[in-house]
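Residue-level structure breakdown
The primary structure of each chain is shown beneath.
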Amino acid sequence: MATRKRSGSGSKRHLKEKVVQIYESFFRGEDLTTDNPTFWDEFFLLKPKIPQLEAEIHKLSVEQLLNMKESINLLVTQCIEMLGQEHHIRLVYALQTLSALIITMYQRVIQDSNLNVKVVLIGTENADTKMQKLFEHCSTILSGDVPDSLKSMVIKLLLVIATGMDNIDDNPLVEYLMLNSLFEPLIQLLCTSTERQQHGYDVVMLLMFLVNYKKEESANPYIVKLSILDDELALNGYGQVITAALNDFVMSTFGGMQGGSGGGGWLSSLTSMVGGIFLTSDDTQPVVRGQRNSGGEEGMLLALYEAAHLNRNFMTTLAHSSAAASSAPPSPPATLPPHQNPPNLSQIQALDNEQPTNLLVTFFQYCSIVMADTRSEASINKCSLCFITLTCIVEEQFANSIMHDQNLTFKVQLYRLPMRHRKIVPEEPPSQPLASTLIDLLVEFTMCHLLKKFPGDLYSLCLGVLVRLLSYQKRARVRLARDWRPLWAALIALLKFLVANDTALLRRHNIFQMAQQVVNIFNIFITFGDTFLPTPASYDQLYYELIRMHQVFDNLFYMALRYSTGDGEFKAEALRLANCLVNVRAIIQHFTPKIDSWLALQNLSTPTEDQILEVVRKNYDSLILKLQEGLEGYERYSERRHRELVAREARAAAAAARAHGPRLHAAASAAACALSHYSAIA
């Protein structure tokens, strides 16, 4: 083995490994096969030195790289050829080398956009044939009876290709994944608990990226196949992977929140135990916790959106319940540090591993955390994606029937944002249908973001979800047993905020359109409330709230009148808002004088709620309302309006995958496992 002197040392010598010498010679442009026809067979028996290989490529200038492209093409071609070998060492080392080459070339392309990664790696001659052969080998390995670590290496190679560039549409290598679809072998890995545990997270992330390739321009086979997938095992596996990833995020947030509220170390230790077993019954182990990375739940959110948007069959997996593991954690006293009292039982409810759960439960909890933060563009994007995913879900008949099933109830701990005007008191959440939990989630969002920096687009999405939910209840005549007053109070608070800040808000938002959305929701309750409110008393309470808060509606009407009589750009919208207030104003104008008359007759100045309700009940007969049609109608969700948002989130997920995933290290670990497996067999 050759040696060279270390700089500054005349006596010490630094040994250089043979494979490193080969890298140096190769990237100097030397032909190493002239005197050695078996060079490649020998080369792929040498353990790759990835840092040195990367360093040699990074040393080259753009011009040198382009001059070296034929040699690099040859190296890539030989790596692909070795993937068809039965010699396991060559196969593993070829995968490692190919992954390193592709990663490093993508890094160079990011530095210099003039480089064409396709030309440098595979050239222009027979490029289709080379890539077809590569993906055929990948398919064979993914479908074959080979070690999981080898499959993991292939999936990580595919992820390297899919996430090489922030904008997947600009990635020339992904086109070959469209021409040579790997959907079937990938989706099969989600069908068994063992393979799902090993590969589920990476497979779902990979499918999510591939589904987002050139959605507008071409027939993407991954979109088509995901939209018609009806394999229940695969769909449940896909859902379980997402549930586990989102649940990690939820558990860490609730653990940190409750730990800060007095539980301290006890709750931290409890969280670390429960987090690992919250969703892992013997037959339901989606993925290993250690495989997931910080920030990875964003990619999972996008994967959930794609499935909910594309595949109606996926709605069945939303309710696929997973009981917690049968093995309970140690009893709390055994985990307590000295001199520390256990928190009360209501705090533990959020982490209670005895509660059955499903993807909807976890997703609602996740949404409650995400929707608490609208300070940055990134958080607003994530919040928007949550809302459009909820929109897709509440448009589906089957999902609605699950959420409104009175026999399918859950105790769901939603995150509540600490605010000045309220103190968060830990309490056990009620056991209720998921539709009721979703309404609680929408109420919480509505009340928490009436800020100077008003997220108007998010409020429009939030109101859209609510309209779809009420539309289903009216259509199916479902009576949800809940107290509706918090929702009405939140909607009235939103109207009050819009009126009080109209001048500032109109610079950025069409508040008349939003106010009309809110008033139409009240019109749905007024016109159809008798078909879906739980009791006649609930309908009475609606009228009581409208009368009690009449000043808000009066001010809203006067604002609409003011803008509709002027010559501003919002004249038409203001007029429509004034017109849709007709029934609310009729109720206020009908009952107010009757209540005043009754109070004068009784010589009362401060009546009770029950006394007002009694007056309301006695005067329904003489109330005349205008029949309004189409209140519960809505335009079905279309991705066209949100395509830029989805593309932004896909780019962010790709950047996060590169930043959080040390891919060469992961590939090296998988390679070591694969070699260890084959050594054991030998």
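Computed from a predicted structure; not experimentally measured. (Residues numbered from 1 in each chain as written. Predicted model: local features only at pLDDT ≥ 70, side-chain atom pairs only at ≥ 80, totals over all residues. Heavy atoms only, no water.)

Our next topic: the overall build of the protein. Scanning the protein from N- to C-terminus turns up 33 helices and four strands. Burial analysis of the protein (682 residues in total) assigns 54% to the buried set. Sequence separation of 24 or more characterises 79% of the internal contacts of the protein that already satisfy a separation of 6 or more. On the protein, roughly 30300 Å² of surface is accessible, and the fraction owed to carbon and sulfur atoms is 51%. (Helix = DSSP H or I, 4+ residues; strand = E, 2+ residues; numbered from the N terminus. Buried < 20%, exposed > 50% of the residue type's maximum accessible area, 1.4 Å probe, protein only. Contact = heavy atoms within 4.5 Å. Areas by Shrake-Rupley, 256 points an atom, 1.4 Å probe, with all protein chains shown as cover.)

What follows is about the pattern of salt bridges. By the definition in use, this model includes 32 salt bridges. Among the salt bridges present, the one from Glu-306 reaches Lys-215, with a minimum N-O distance of 2.7 Å. Of this pair, Glu-306 sits in helix α15 (residues 297-310) while Lys-215 sits in the loop between α12 (193-211) and α13 (221-228), and the two are 91 residues apart along the sequence. On the basis of relative accessible area, Glu-306 is assigned to the buried category, the value being 1%. In this structure, the salt-bridge partner of Asp-554 is Arg-585, at a minimum N-O distance of 3.7 Å. Taken together, the residues Asp-554 in helix α28 (residues 550-564) and Arg-585 in helix α30 (residues 582-602) connect sequence positions 31 residues apart. In this pair, the class of Asp-554 matches that of Arg-585, namely buried. If you follow the salt bridges from partner to partner, you end up with Lys-215, Glu-216, Glu-306, Glu-639 and Arg-643 in one network. (Salt bridge = Lys/Arg side-chain N within 4 Å of Asp/Glu carboxyl O.)

Quick look at the nonpolar core now. Of all hydrophobic cores here, the largest spans 218 residues; its most connected members are Phe-363 and Phe-387. If near-sequence neighbours (up to four positions away) are discounted, Phe-387 is found in contact with Met-371, Leu-442, Phe-445, Leu-458, Leu-461, Cys-462 and Val-465. (Core = buried A, V, L, I, M, F, W, Y, C linked by side-chain atoms within 4.5 Å.)

Here we come to the packing of α28 against helix α29 (residues 571-580). Put simply, α28 and α29 touch, their axes get as near as 8 Å, and they point 145 degrees apart. For the element pair α28 and α29, the recorded crossing hand is left-handed. Along the contact surface, α28 presents Leu-556, Phe-557, Ala-560, Tyr-563 and Ser-564, while α29 presents Lys-571, Ala-574, Leu-575, Leu-577 and Ala-578. (Axes fitted to C-alpha atoms, helices over the stretch in contact; angles between N-to-C directions. Left-handed = near helix turned anticlockwise from the far one by under 90°.)

In total, this model carries 28 aromatic pairs according to the counting rule given. With a centroid separation of 5.1 Å and an interplanar angle of 85 degrees, the aromatic rings of Phe-26 and Phe-27 are classed as edge-to-face. Across the pair, Phe-27 and Phe-26 agree in class, each one buried. Arranged with centres 5.1 Å apart and planes meeting at 65 degrees, the rings of Phe-512 and Tyr-563 form a pair that is edge-to-face. Placement of Phe-512 in helix α26 (residues 511-532) and of Tyr-563 in helix α28 is noted, with a sequence separation of 51 residues between them. Taken together, the ring pairs connect Tyr-23, Phe-39, Trp-40, Phe-43 and Phe-44 into an aromatic cluster. The lysine or arginine in question, Arg-482, covers the ring of Trp-484, its NZ or CZ lying 5.7 Å from the ring centre. Between Arg-585 and the ring centre of Phe-557, over which it is positioned, the NZ or CZ distance is 3.8 Å. (Phe/Tyr/Trp six-rings, centres within 6.5 Å; stacked < 30°, edge-to-face > 60°. Lys NZ or Arg CZ within 6 Å of the ring centre and 35° of its normal.)

The next thing to look at is helix α27 (residues 536-548). Taking 1.5 Å of rise per residue, 13 residues should cover 18 Å, and α27 covers 18 Å from first to last C-alpha, within 8% of that figure. Here α27 lies mainly inside the structure; 10 of its 13 residues are buried. Elements in contact with the buried residues of α27: α24 (485-500), α26, α28, α30 and α31 (609-618). (Expected span 1.5 Å × (residues − 1).)

This brings us to α26. The largest bend in α26 amounts to roughly 50 degrees and is located at Ile-526. The buried count for α26 comes to 17 of 22 residues, which makes it a mostly enclosed element. (Bend = angle between axes of the 7 residues up to and from the residue.)

As a further point, take unusual backbone geometry. Located in the positive-phi region is Arg-477, a residue other than glycine, with phi close to 50 degrees. Within the element layout of this structure, Arg-477 appears in the loop between α23 (456-476) and α24. You can call Arg-477 exposed: its relative accessible area is 58%. In this structure, Asn-603 is a non-glycine residue whose phi angle is positive, near 60 degrees. Topologically, Asn-603 is positioned in the loop between α30 and α31.

Tallying each qualifying case throughout the model produces zero disulfides. You can see Cys-462 has no disulfide; the closest cysteine sulfur is in Cys-383, sitting 8.8 Å from it. (Disulfide = S-S within 2.5 Å.)

With that settled, the discussion passes to the environment of Ile-223. You can see Ile-223 is positioned in helix α13. The spacing of Ile-223 and Ala-307 is 84 residues in sequence and 9.6 Å in space, taken between C-alpha atoms. Leaving out residues up to four positions away in the same chain, Ile-223 has contacts with Val-211, Lys-215 and Leu-310.

Before going further, it helps to spend a moment on the confidence of the model for the protein. In this model, the protein carries an average pLDDT of 83, and 83% of its residues clear a pLDDT of 70 or more. No element of the protein has a lower mean pLDDT than helix α17 (residues 332-335), which averages 32, and none a higher one than helix α11 (residues 183-188), which averages 97. Throughout residues 1-12 the model reports pLDDT below 50, and contacts reaching past four residues in sequence, or to other chains, amount to 18 contacts. Below pLDDT 50 for its whole length, residues 678-682 participates in four contacts with residues either more than four positions away or in separate chains. (pLDDT = per-residue confidence, 0-100.)

Take the packing of helix α9 (residues 148-162) against α12 next. Relative to each other, α9 and α12 sit at 15 degrees, their axes nearing to 10 Å. Classified by the angle their axes make, α9 and α12 are roughly parallel. Both α9 and α12 take part in a crossing whose hand is left-handed. Residues Asp-148, Lys-151, Ser-152, Ile-155, Lys-156, Leu-158, Leu-159 and Ala-162 of α9 lie in contact with α12, whose contacting residues are Thr-194, Glu-195, Gln-198, His-199, Asp-202, Val-203, Met-205, Leu-206, Phe-209 and Leu-210. For the contact of α9 with α12, a count of residues per class yields nine nonpolar, four polar and five charged. (Parallel < 35°, antiparallel > 145°, perpendicular 65-115°, else oblique. Nonpolar A, V, L, I, M, F, W, Y, C, P; charged D, E, K, R; others polar.)

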